[in-house]
Amino acid sequence: MPLLLLLSLLFAGLVGLMQIRRVSGPLRKLHSGVQAIARGEFDTRVDIDSRDEFESLANSINGMAARLGMQ
């Protein structure tokens, strides 16, 4: 029983680390892209291919940067 508990905790920890890495990568890209746009670099594009909310947010930011660059 203690071995099963230890293996379960180890598995849960590994799954948690994988989820953290899956989320933190796109967040870092979004953060650096938004900071570049805030500096006036309106040709900056954020490239995220995750087929989730991060990709949708990146596309919205890219559209915003393009419109700001035209003004």
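Structure shown above.
Note that the structure is predicted; figures quoted are calculated from it, not measured.

Draft legend 1. Representation of the overall build of the protein chain. Each helix and strand in the protein chain was counted, giving two helices and zero strands. Against the 2.2 N^0.38 benchmark of 11 Å for 71 residues, the protein chain shows a C-alpha radius of gyration of 18 Å, more extended than a compact globule. Counting only C-alpha atoms and orienting by the principal axes, one finds that the protein chain spans roughly 65 × 20 × 10 Å. Of the roughly 5,600 Å² of accessible surface on the protein chain, 65% is carried by carbon and sulfur atoms. A distance of 5 Å separates the average location of the 8 positive side-chain charges in the protein chain from that of its 7 negative side-chain charges.

Cut-offs applied
Position numbers for residues count from 1 along each chain, tracking the sequence in the order it is written. Given that the model is predicted, a residue must reach a pLDDT of at least 70 before its local features are reported, and side-chain atom pairs must reach 80 or more before they are shown or counted; all residues, however, enter totals for whole chains, interfaces and linings. In computing side-chain values, all of the structure's heavy atoms are included and hydrogens and water are not. We count a stretch as a helix when DSSP gives it H or I for four or more residues in a row; a strand needs E for two or more, and each element gets its number in order from the N terminus. Put simply, the radius of gyration uses C-alpha atoms, and a globule should come to 2.2 Å times the residue count raised to 0.38. Methods summary: accessible areas were calculated by the Shrake-Rupley approach with a probe of 1.4 Å, and residue burial reflects only the protein chains presented. A positive count includes Lys and Arg, and a negative count includes Asp and Glu. His and the chain ends are not counted in either. For the purpose of locating charges, the reference atoms are NZ of Lys, CZ of Arg, CG of Asp and CD of Glu.

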